[in-house]
Amino acid sequence: MIDRKLLTAYFGRDQNTCWQCPTCSNGYLVIEDDTFRSRETAISQKGHKHYEWEPEWVSLVYSCVFKCTNNSCGEQVASSGHGFLDWDIEEDENGIPKQIYGEYFEPYYFHPPLKIIDIPESVPDNITNQLEKSFELFFSSPSASVNHARSALELLLTHLKVPKTTINNRNKRVKINLHNRIDRLAQQHSEFKEFLLAIKWIGNEGSHPEKNLTKNDVAELYEILEHVLSELFNNKSKAILAKAKKINRAKGIK
Ligand SMILES: [Zn+2]
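Worth saying up front: this structure is predicted, and the values here are computed from it rather than measured.

**Topic: the coordination of the zinc ion**
1) Next: Distances from the zinc ion to its protein donors, Cys21 (SG), Cys24 (SG), Cys68 (SG) and Cys73 (SG), fall within 2.3 Å.
2) Next: Coordination at the zinc ion comes from four donor atoms whose angles at the metal span 104 to 114 degrees, giving a geometry best classed as tetrahedral.
3) Next: Considered as a linear motif, the donors of the zinc ion on their single chain read C-x2-C-x43-C-x4-C.

**Let's talk about the pattern of salt bridges**
1) Next: Counted according to the given criterion, the structure contains six salt bridges.
2) Next: In this structure, Glu106 and Lys215 form a salt bridge, with 3.0 Å as the shortest nitrogen-oxygen distance. Within this pair, whereas Glu106 is found in strand 6 (residues 97-111), its partner Lys215 is found in helix 7 (residues 215-233), the two being separated by 109 residues in sequence. The exposure classification of Glu106 matches that of Lys215, with both residues buried.
3) Next: Lys193 is the partner of Asp183 in a salt bridge, and the nearest nitrogen-oxygen pair spans 3.1 Å. Remark: Lys193 occurs in helix 6 (residues 193-206) and Asp183 occurs in helix 5 (residues 178-186); sequence separation between them is ten residues.
4) Next: A relative accessible area of 28% places Lys193 in the partly exposed class.
5) Next: It is possible to trace a salt-bridge network through shared partners that takes in Arg4, Glu220 and Glu223.

**So, the environment of Pro22**
1) Next: Tracing the chain through its elements places Pro22 in the loop between strand 1 (11-12) and strand 2 (29-31).
2) Next: By relative accessible area, Pro22 is classed as buried at 7%.
3) Next: Taking the C-alpha atoms as reference points, Pro22 and Ser63, separated by 41 residues in sequence, lie 18 Å from one another.
4) Next: Those residues in contact with Pro22 that lie beyond four places of it in its chain are Leu29, Val77, Pro112, Pro113, Leu114 and Lys115.

**Considerations on the domain arrangement of the chain**
1) Next: By the assigned domains, the chain splits into domain 1 (1-115) and domain 2 (121-254).
2) Next: The centre of domain 1, based on its C-alpha atoms, is set 33 Å off from the matching centre of domain 2.
3) Next: In this complex, domain 1 contributes 14 residues to the contact, which on the side of domain 2 involves 13 residues.
4) Next: Counting the surface lost from both domain 1 and domain 2, the interface buries some 1,400 Å², and carbon and sulfur atoms represent 57% of this.
5) Next: For the domain 1 face of the interface with domain 2, the top three residues by lost area are Ile2, Arg4 and Leu7, together amounting to 41%.
6) Next: Our enumeration of links across domain 1 and domain 2 arrives at three salt bridges.

**Some thoughts on the environment of Thr69**
1) Next: Here Thr69 shows up in the loop between strand 4 (60-68) and strand 5 (76-91).
2) Next: For Thr69, a relative accessible area of 44% gives the class partly exposed.
3) Next: Put simply, Thr69 and Trp19 are 50 residues apart on the chain and 11 Å apart in space, counted from C-alpha to C-alpha.
4) Next: Beyond its immediate sequence surroundings of up to four residues, Thr69 is in contact with Gly27, Tyr28 and Val30.
5) Next: Reaching out from Thr69, the side chain makes a polar contact with the backbone nitrogen of Tyr28 at a distance of 2.8 Å.

**Side note on the packing of aromatic side chains**
Each aromatic ring pair is described using two quantities: the centre-to-centre distance and the angle formed by the ring planes.
1) Next: On inspection of all chains with the given rule, the structure shows 17 aromatic pairs.
2) Next: Where Phe11 meets Phe66, the ring centres are 5.9 Å apart and the plane angle is 70 degrees; that geometry is what we call edge-to-face. Of this pair, Phe11 sits in strand 1 while Phe66 sits in strand 4; the two residues are 55 residues apart in sequence, bridging distant segments of the chain.
3) Next: Aromatic pair Phe11 and Phe105: ring centres 5.8 Å apart, planes at 40 degrees, arrangement tilted. In this pair, Phe11 is assigned in strand 1 and Phe105 in strand 6, connecting sequence segments 94 residues apart.
4) Next: An aromatic cluster of at least three residues, connected via ring pairs, comprises Phe11, Trp19, Phe36, Tyr62, Phe66, Phe105, Phe110, Phe135, Phe138, Phe139 and Tyr222.

**So, the side chain of Glu226**
1) Next: Note on placement: Glu226 falls in helix 7.
2) Next: Buried and unpaired, Glu226 has no salt bridge, with Arg4 as the nearest side chain of opposite charge at 9.9 Å.
3) Next: Setting aside residues no more than four positions away along its own chain, Glu226 makes contact with Met1, Ile2, Ile117 and Asp118.

Conventions adopted
- Within each chain, residue numbers correspond to sequence positions counted from 1 in written order.
- Whole-chain, interface and lining totals are the exception, using all residues; otherwise, since this is a predicted model, local features are given only for residues with pLDDT of at least 70 and side-chain atom pairs are given and counted only at 80 or more.
- To obtain the side-chain values, all non-hydrogen atoms of the structure were included, while hydrogens and water were left out.
- Coordination partners: N, O, S within 2.8 Å of the metal, 3.2 Å for Na, K and Ca; water not considered, so apparent gaps in a site are possible.
- Irregular is the label for any site that misses the other tests, which are tetrahedral for four donors with all angles between 85 and 135 degrees, and square planar for four donors or octahedral for six when opposite donors exceed 155 degrees and the remaining angles lie between 65 and 115.
- Think of a salt bridge as a Lys or Arg side-chain nitrogen and an Asp or Glu carboxyl oxygen that are within 4 Å of each other.
- Each helix corresponds to a stretch of at least 4 residues labelled H or I by DSSP, and each strand to a stretch of at least 2 residues labelled E; elements are numbered beginning at the N terminus.
- Only protein chains enter the accessibility calculation, which uses a 1.4 Å probe. A residue is then buried if its area is under 20% of the maximum for its type, exposed if over 50%, and partly exposed in between.
- Here, residues are in contact when the closest pair of their heavy atoms is within 4.5 Å.
- Those domain boundaries reflect an automatic or database domain assignment.
- A 1.4 Å probe defines the accessible area here, and the buried area is the portion of it lost by two parts on being joined, summed over both.
- In the analysis that follows, any N or O atom pair within 3.5 Å is treated as a polar contact, provided that within protein one partner can donate a hydrogen and the other can accept it, and provided that, for residues neighboring in sequence, both atoms belong to side chains.
- Only Phe, Tyr and Trp rings take part, Trp by its six-membered ring, and two of them pair if their centres are within 6.5 Å. Stacked means planes under 30 degrees apart, edge-to-face means over 60, and tilted covers everything else.
- Positive residues here are Lys and Arg, negative ones are Asp and Glu, while His and the chain termini are left out of the count.

See below:
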């Protein structure tokens, strides 16, 4: 299941945020202490001389290695991104509240990429590969990540035997666009039409340069995609659906 809060989270050096290990899915990623480096960018340093300078102007970069807490896995995940200062209220030794600035970091990159949604094992490799590319770009460029999700959708339609091309009225072979492919699928799998069209609309927005999709927008797309993949490829949900159909045919349990 998608955890939107985690996908849009910042982290402090106290590690208030724990991403799941992409390799074992059991452990959590913890910063390897001696690997964390952060620096203030040159432009940010110059800003200090400005008479209106405020801590909120500070811009940092970071890099580090996260290690999986599961000892039998021990995966190492490289990460980098940017950072900033944000304040909190703390009480001093006399109980007087004071403003404290702390450094916070937003990841742009993880490698190996985090697993953002559950991909059932029986999903074909070419679809899984596109999804992993999408997950890799998600943190630095949500709009670019959507293009790979859209490619995954095209591959999914091909897997479901929806043709890619057709013969037009001038007897020429032409590509069928994504919308029409989804329409064709609906003739057999009408239950997925609404979901797939929603993925397509968000996907279209990703390819318009003037539109900047947020991580929350893309999380919405992933949520729908996760549901579709689970319905199509999870044996468990297939078995439950088969049972439901049997009950419906018999109009009750026999
Ligand atoms: Zn692990």
